[in-house]
Amino acid sequence: IGKAKTGDFEAFMQLVDAHKDKVYGMIRRLAGNSQDAEDIMQDSLIRAIDKIDQFKGESSFGTWLYSIALNMARAEFAKRKQADLKPIEEYLPKSSSGHQHEHSRAKLFDWKDPHKLMESKQLGRLIDKAVGELPFEYREVFILRYVEEFSIKEVAKLTGQSEASAKSRVLRARLAMRDKLSKEFEAEYDRKLS
């Protein structure tokens, strides 16, 4: 890090090489396509080179690089003005009159052994599709929490939120994913019956 701060590009690239695949993977999932992901990754690395002298070592270099990449991705998606966050109530089951109630007509599906199902390419594609359809604010916390496996505290720090706010956003993301996947599984179930 000391060498990188003095302008040693090789030292900087050694630091980046240890984290670039994971950071790119996160950006790719957030962006939903390789072209945007490559642009964001390139912009992130340029920003990191420009700001390396400001790295204070309060977190690991990898966390610092994730932070830069998240900020660059946010900036990109802010331009696109994605949909606002929906209230949790919109994901809760509703009766035919439009009011929420405990006994929903929503079907719950037996996912059986999740480890075996996670190996399924079809399920992986469904999950990737559902993640890609989430509003950016949900997508970023879902990926950080469940794909990159950061703790809520780390998600809060990376996204610049309080822990309570991060927990709430992660919950909304989970509910949105459950809603999207339940609809997909219900459609698949109906196709099999017909």
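None of these values were measured; they are calculated from a predicted model. (Residues numbered from 1 in each chain as written. Predicted model: local features only at pLDDT ≥ 70, side-chain atom pairs only at ≥ 80, totals over all residues. Heavy atoms only, no water.)

### Some thoughts on the nonpolar core
Going by this rule: Residues grouped as a nonpolar core are buried Ala, Val, Leu, Ile, Met, Phe, Trp, Tyr and Cys residues, joined through side-chain atoms within 4.5 Å. The buried label applies to any residue whose accessible area, calculated with a 1.4 Å probe on protein chains only, is under 20% of its type's maximum; exposed applies above 50%, and partly exposed to all values in between. Pairs of residues are marked as contacts when any of their non-hydrogen atoms sit within 4.5 Å.
M26, I27, F61 and M177 are the most contacted members of the largest nonpolar core, which has 50 residues in total. Filtering out sequence-adjacent residues up to four positions away, I27 remains in contact with A37, I40, M41, S44 and A69.

### Some thoughts on unusual backbone geometry
Under the convention used in this document: Numbering goes from the N terminus for both helices and strands, where a helix is a DSSP run of H or I of at least four residues and a strand is a run of E of at least two.
Positive phi outside glycine occurs at E149, with the angle close to 60°. Topologically, E149 is positioned in the loop between α8 (136-147) and α9 (152-159). Under the relative-accessibility criterion, E149 is labelled exposed at 63%.

### Concerning helix α3 (residues 20-31)
Along an α-helix, residues three or four apart share an orientation, since each turn contains 3.6 residues. What counts is decided by this rule: Each residue after the first adds 1.5 Å to the expected span of a helix.
In a regular helix each residue adds 1.5 Å, so 12 residues correspond to 16 Å; α3 covers 16 Å between its end C-alpha atoms and thus fits that length. Buried residues of α3: V23, G25, M26, I27, L30 and A31, and no others. Phi turns positive one or two residues past the end of α3, at G32, with a value near 85°.

### Description of the packing of aromatic side chains
For the record, the criterion: Two aromatic rings, drawn from Phe, Tyr or Trp (for Trp, its six-membered ring), form a pair once their centres lie within 6.5 Å of each other, and the interplanar angle then sorts them: stacked below 30 degrees, edge-to-face above 60, tilted otherwise. Criterion for a charge above a ring: Arg CZ or Lys NZ at most 6 Å from the ring centre, at most 35 degrees from the ring normal.
Under the counting rule described, the total for this entry stands at eight aromatic pairs. Taken together, a centroid distance of 4.5 Å and an interplanar angle of 20° make the contact between F77 and F136 stacked. Here the residue F77 occupies a position in helix α5 (residues 61-80), and F136 occupies one in helix α8, the gap between them amounting to 59 residues. Note on F77: relative accessible area 3%, which makes it buried. The structure contains a cluster of three or more aromatic residues connected by ring pairs, namely F9, F12, F55, F61 and W64. Above the ring of F77, the side-chain terminus of R139 is found at 5.3 Å from the ring centroid. Sitting above the plane of the Y146 ring, R145 keeps its charged end 5.7 Å from the centroid.

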